[in-house]
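Chain by chain, the residues run as shown.
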Amino acid sequence: MRKKTFFLSSKLWCLGAFALSLLATSCAQDGFDNDEVFTPEVRNAQLESPAVEDIIVTSSPDGKSQTITWPVVSGAGGYLVSFYDEGNADQYIVNDSIVDGCSVTTKREEDANYVFTIKTLGNEKMNNKGAETATEKKISTFTPTYMTIPAGSDLNAWFAANPVPAAAVNEMHNYDLEADGEYTISDVLDFGAHRVTLRSNDKVNHAKITYLAGKAPKITTTAEMNIKYIDFDCSGQSASNGVFEYSKDNTVVPAANTIDPALYKWAGAYIADPITFVSCNFDNVMGYFFFDNSVNTFAENVLVENCVVHLTPATSNGGAVFYTNKGGHINNLKVTTSTFYESDDCTGDIKYFFQDSNKAPDLYVDGTGAAAAATNSVTYTNCTFYHVTWNDGQWGNYNGMQSKNYSYWIMYDCIFYDCSPSGVARRFLHGRTGQLHADLQRNTYMSADGTFQDPGSYDPSGTDIKDDPQFANPANADFTIGASTQQAILKTGDPRWLP
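These figures come from a predicted structure and were not determined experimentally.

Draft legend 1. Focus on the overall build of the protein chain. A tally of regular secondary structure across the protein chain gives 4 helices and 34 strands. Expressed as a percentage of the 499 residues in the protein chain, the buried residues total 53%. Put simply, 76% of the contacts in the protein chain that link residues at least 6 apart link residues at least 24 apart.

Right, here's the structure in full:
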C-alpha cells in the first residue's frame, strides 16, 4: 500500500489577477464571482472530471516545484487528487486529497515520470453527482528522448547501425535505455565530439550494461557526456584502461568548445561542458574509473554524484581512479554523496585516487584576463571511501596545483577507512601545508587497526572525527553507519548509508 504524504499547500484557491500565470483560465470565467465566492451554475447534473488536455503544468523558475492547474467544473463540490512518481509508486506525494480550488503545487525533481490524477466530486446541495472516472495525466521531467535503445542490444553494434547525427554535433542527444534492460559493450564505444546523454528511462529500475572481455571495452568522448541511472558490470574491462576515457579522435570539437587561438594556448581538445555520472552503480572496476587515454584533452568539469563504485584491481598499479596526468586534464573534479570501495580481500590496489598534472592557466594565453582569472578545484563532500589506496597509496598527486592561488581544495563530511596510510589529508593537499584555499571540515580518517590518522596541520580545522563509524557489514558492501558521532550528530559520509 502506498504511504500517504501531502502536497505543499492543502488548499490552493483560484487566485486573483496577480497569479493568472499559474492558472488555466481567469477567475472571471471559472465559477468564482468578484468576491471570490463559488457560485455554481449547474444543478441536477452528472459531472465529469477535467479533460487531460485542459490540465496545465507550469514549472517554477528554479525547477524545484511545479503548479498543476485545471479549469473549474461548474457545480462541483471539489476535486480528489493524487500525485506520485512512477519510479517510487509505493509512496504517494499526494494521496486522495480533497482540493477546493483549481490548482496544487507539488515538488519537482529532474528526470522523473509523475502521474497526476483528478476526479470531480459531487455537490449534494445542488444535486450534482461526482464524476464516475478520474482523469490521469502523465508528467515527465526528463529532457526529450532522442532515441530509445532496445533491451538486449550490444551498444557498439547498435550505434554502428544508428550513429549520432554528424550534422548535429552541437546538440545534446538523449538516448534512453529500457528499465531493467540488459545491454553490453564489446569494444570501444566512442562518442567523439558528439554531446550525448546515456540514461535509463527509470531512475529506480536501472538498466544494466556489461563490459565484455576481449577488446578493451570502454566509453570515450571529446564532448559533454552524461551517464545516468545505469548499473555497470565492468568485469570485462582491461586493467590498463578506464571505464571512461577521452577519445583518441580529439581533433574535432563542438563549436561551443572551439579553441580560439587569441584566447587559448592549449594544444588539444577542450570540453567546456560537464562530464557527469549521476546515480549509477559500478561493479568490478578492474582498471581505472576515468583515464585521459594519453591524449591532450582538457575537461573543465567532471562530476560524480550519488554513485557507488566497487574497485577490484587484480594487481597493484601506479595509476589512479581518476588518472589524467598522461597528457589530459580535469580542471574541476567533484565527487559528492558517493561511495568508492575495495573489498577487504582485494589483493590489488591503485596508487592514487586522483592524479593530474593540472595547471589551470595552461589553457589560456599568458597575459589574458581569462588566464589571470583561471582557477581549478578538487572537491569531495559527503562521501564514504573504504579500503582505497590502502597499499602504501597516496590520495592525491597533482603537479602544478600545490601552493597556487588558483587552486581550491574542499573536503567536507567524508569518511575514510583504511585509505592512504601516509595520510589522507596530507596527500589530498599534495604534501603541502598552508594551501591558500584549503577547506577541510568534519572528516574521519580511520586506519584498519582502529586508530585514527592525525591530520596535523594539513587539516587544522580541529573538526576531524575520531570515532568508529561502525559500518554494518563492509564485507558485503553494507556501509550503513552504526550508533556513532557520524550518524547521530553530524550525518557524515555517503547519505545512502545513514539509517
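Draft legend 2. Local environment of the side chain of Asn293. Relative to the elements of secondary structure, Asn293 occurs in the loop between β21 (288-291) and β22 (297-305). Here the side chain of Asn293 touches Tyr246 through a polar contact of 2.9 Å, landing on its backbone oxygen. Excluding anything up to four places from it in sequence, Asn293 contacts Lys218, Glu245, Tyr246, Ser247 and Lys248.

Draft legend 3. Here's a closer look at the confidence of the model for the protein chain. Scored by pLDDT, the protein chain comes out at a mean of 87, with 90% of its residues at no less than 70. A low-confidence stretch, residues 1-39 (pLDDT under 50), is modelled with 76 contacts involving residues beyond four sequence positions or located in other chains. Scored below 50 in pLDDT, residues 253-257 makes 18 contacts in the model with residues more than four places away or belonging to other chains.

Draft legend 4. Looking closely at the sheet that holds strand β6 (residues 113-120). Pairing within the open sheet is antiparallel, and its 4 strands lie in the order β4-β3-β6-β7. Looking at the sheet topology across the chains shown, the edges are occupied by β4 (94-99) and β7 (135-140). Each adjacent strand pair in this sheet contributes to an overall mean axis angle of 20 degrees, direction not counted. With 6 bridges joining them, β6 and β7 adopt antiparallel strand pairing. Bridge pairing links Thr117 to Glu136 in β7.

Draft legend 5. Structural view of the nonpolar core. Within the largest apolar cluster, 68 residues are counted, with the highest numbers of intra-cluster contacts made by Phe244, Phe277, Phe322, Phe353 and Tyr380. Not counting residues within four places of it along the chain, the set of residues in contact with Phe244 comprises Tyr211, Ile219, Met225, Ile227, Phe232, Phe277, Phe282, Phe289, Phe290 and Phe291. Counting residues in each nonpolar core, the second largest holds 21 residues, with Phe83, Ile93, Val94 and Ala112 among its members.

Draft legend 6. Structural detail: the layout of surface pockets. For the largest pocket, the calculated volume is near 710 Å³. Glu109, Glu110, Lys203, Tyr229 and Ser279 are, among the 30 residues lining the largest pocket, the residues nearest its centre. Per-class residue counts for the lining of the largest pocket are 8 nonpolar, 11 polar and 11 charged.

Draft legend 7. Spotlight on the packing of aromatic side chains. Counted by the stated rule, this structure contains 53 aromatic pairs. Between Phe159 and Tyr175 the ring centres are 4.9 Å apart and the planes differ by 70 degrees, which places this aromatic pair in the edge-to-face class. On the criterion of sequence distance, the pair formed by Phe159 in helix α1 (residues 155-161) and Tyr175 in strand β9 (residues 172-177) is long-range, its members being 16 residues apart. Of the two residues, Phe159 and Tyr175, neither departs from the other in class, the shared state being buried. An angle of 65 degrees between the planes, with centres 5.5 Å apart, marks the rings of Phe289 and Phe322 as edge-to-face.

Draft legend 8. Looking closely at the sheet that holds β21. The strand order β11-β14-β17-β21-β24-β27-β30 describes an open sheet built from 7 strands, whose pairing is parallel. At either margin of the open sheet sits one strand with a lone partner, and together these are β11 (188-190) and β30 (394-397). For this sheet, the mean angle separating the axes of adjacent strands, direction not counted, is 30 degrees. Relative to strand β24 (residues 317-324), β21 is paired through 2 bridges, and the arrangement is parallel. Note that in β24 the partner of Phe291 across the bridge is Tyr323.

Draft legend 9. A look at the pairing of strand β15 (residues 225-228). Residues Met225 and Ile227 point to one face of β15 and Asn226 and Lys228 to the other, with burial holding for every one of them. Relative to β15, strand β12 (residues 195-200) runs parallel, the two sharing 4 bridges. Bridge assignment links Arg199 to a residue of β15, and that residue is Lys228. Both β15 and strand β19 (residues 275-278) contribute to a ladder of 4 bridges, which runs parallel. Bridged to Ile227 within β19 is Phe277.

So, how was this worked out
- Residues numbered from 1 in each chain as written.
- Predicted model: local features only at pLDDT ≥ 70, side-chain atom pairs only at ≥ 80, totals over all residues.
- Heavy atoms only, no water.
- Helix = DSSP H or I, 4+ residues; strand = E, 2+ residues; numbered from the N terminus.
- Buried < 20%, exposed > 50% of the residue type's maximum accessible area, 1.4 Å probe, protein only.
- Contact = heavy atoms within 4.5 Å.
- Polar contact = N/O pair within 3.5 Å; in protein donor to acceptor, adjacent residues only side chain to side chain.
- pLDDT = per-residue confidence, 0-100.
- Pairing = 2+ DSSP bridges.
- Axes fitted to C-alpha atoms, helices over the stretch in contact; angles between N-to-C directions.
- Core = buried A, V, L, I, M, F, W, Y, C linked by side-chain atoms within 4.5 Å.
- 1 Å grid on protein atoms, 1.4 Å probe; cavity = no way out; pocket = protein on both sides within 12 Å on 5 of 7 lines; lining within 4 Å.
- Points joined across faces, edges and corners; volume = space filled by probe spheres on them.
- Nonpolar A, V, L, I, M, F, W, Y, C, P; charged D, E, K, R; others polar.
- Phe/Tyr/Trp six-rings, centres within 6.5 Å; stacked < 30°, edge-to-face > 60°.

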